[in-house]
Amino acid sequence: MERVLQGDCLDILPSFESESIDLIILPLLLNYSENHHQILREAHRVLVAGGKICIVAINPWSLWAIRALIGRVRNKPLWKSQLHLQYRICDWLELLQFEVLNTAISGPIIPWKLSMNKMPEFIKKAFFFEKGIGAMQVIVAEKKVIPFTLIKNSWKNLPVNTSVEVNIREAV
């Protein structure tokens with residue numbers, strides 16, 4: 001059964017049973033949430049073993065991040081976001097036993113409206129998908145599961161050696 005839910009993540013995720021979701025997509029959620037660690041913990045709880053999480057966040061090294069800083073100064077709510085470096089998000093995921101499968105940075109470079117007709121061709125090509133300085137960073141990770149293998153109690157049947165050999169050396 002497929003369900004798509006929209007809303008506040010910290011209101012929706014606790015309503016799911018543990019290990020009941022295959023895929024979670026968090027578009028810009030870590031940028032605009034105060035409780036990003038709690039969101040990642042809840043996502044880990046509800047994902048099945050081998051489930052995947054896809055995080056889309058603003059690239060802090062892009063022109064969009066500069067635009068976000070300008071928006072903060074002008075007190076515009078759309079641009080009041082927290083910027084997280086890609087390696088930091090990957091560290092958070094690894095602490096929660098996720099394996100980062102892929103990371104990418106792409107998306108539009110210029111955050112301001114420009115007429116596409118007036119742009120030179122080489123800028124048009126770079127405008128949308130340029131590696132490294134694009135607007136968005138995408139991180140895909142998989143929930144790791146460490147399998148437990150029960151060991152039989154065969155060690156209990158082994159004979160116990162009660163004699164102890166002590167080897168003492170004399171100081172010269």
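Criteria and thresholds
Residues numbered from 1 in each chain as written. Predicted model: local features only at pLDDT ≥ 70, side-chain atom pairs only at ≥ 80, totals over all residues. Heavy atoms only, no water. Helix = DSSP H or I, 4+ residues; strand = E, 2+ residues; numbered from the N terminus. Buried < 20%, exposed > 50% of the residue type's maximum accessible area, 1.4 Å probe, protein only. Contact = heavy atoms within 4.5 Å. Areas by Shrake-Rupley, 256 points an atom, 1.4 Å probe, with all protein chains shown as cover. Pairing = 2+ DSSP bridges. Patch = residues over 30% accessible without salt bridge, like charges linked within 9 Å, V, L, I, M, F, W, Y side chains within 5 Å. Salt bridge = Lys/Arg side-chain N within 4 Å of Asp/Glu carboxyl O. Core = buried A, V, L, I, M, F, W, Y, C linked by side-chain atoms within 4.5 Å. Axes fitted to C-alpha atoms, helices over the stretch in contact; angles between N-to-C directions.

Trainee: Is there a simple way to think about the overall build of the protein in this case?
Mentor: Across its full length, the protein holds six helices and four strands. Scanning the protein from its N terminus toward the C terminus, one meets helices and strands in the order α-β-α-α-β-α-α-β-α-β. In the protein, buried positions account for 31% of the 172 residues. A sequence separation of at least 24 residues applies to 77% of the contacts in the protein between residues at least 6 apart. A total of about 12,700 Å² of accessible surface is found on the protein, and carbon and sulfur atoms cover 58% of it.

Trainee: What am I meant to see in the pairing of strand 2 (residues 47–58) here?
Mentor: Put simply, side chains in a regular strand alternate between the two faces of the sheet. Pairing of strand 1 (residues 21–27) with strand 2 involves six bridges; the strand directions are parallel. Each bridged residue has a counterpart across the sheet, and for P27 the counterpart in strand 2 is V56. Summarising the sheet, strand 2 and strand 4 (residues 136–143) pair through seven bridges and their orientation is antiparallel. Within strand 4, the position partnered with V56 by the bridge is V138.

Trainee: What should I look at first to understand a nonpolar patch on the surface in this one?
Mentor: A cluster of nonpolar side chains, L63, I66 and I70, forms an exposed patch at the surface whose accessible area comes to about 210 Å². In this structure, I66 sits in helix 4 (residues 63–73).

Trainee: It is not clear to me how the nonpolar core should be interpreted in this structure. Could you clarify?
Mentor: One recurring pattern in soluble globular proteins: nonpolar side chains tend to sit buried together. One finds I24, L40, I53, I55, I89 and L93 to be the most contacted residues of the largest nonpolar core, which totals 23 residues. Secondary-structure elements contributing two or more residues to this core are strand 1, helix 3 (36–46), strand 2, helix 5 (86–95) and strand 4.

Trainee: What am I meant to see in the sheet that holds strand 4 here?
Mentor: Pairing between the strands of a sheet is mediated by backbone hydrogen bonds and can be parallel or antiparallel. Taken together, four strands build an open sheet; the order of strands is 1-2-4-3 and the sheet is mixed. The sheet terminates laterally at strand 1 and strand 3 (98–106), the two strands that pair on one side only. Each neighbouring strand pair of the sheet contributes to a mean axis angle of 10°, computed without reference to strand direction. Helix 5 rests against strand 2, strand 3 and strand 4 of the sheet, and its axis sits at about 160° to strand 3.

Trainee: What am I meant to see in the pattern of salt bridges here?
Mentor: When the charged atoms of two side chains with opposite charge come close together, those side chains can pair. Taken as a whole, this structure holds two salt bridges when the rule is applied. Residue E19 pairs with K143 through a salt bridge whose shortest N-O separation is 3.9 Å. With a gap of 124 residues between them, E19 in the loop between helix 1 (9–12) and strand 1 and K143 in strand 4 connect regions that are remote in the sequence. In this structure, the salt-bridge partner of E42 is R45, at a minimum N-O distance of 3.0 Å. One end of the pair is E42 and the other is R45, both in helix 3 and three residues apart, which spans about a single turn. E42 sits in the buried class, given a relative accessible area of 12%.

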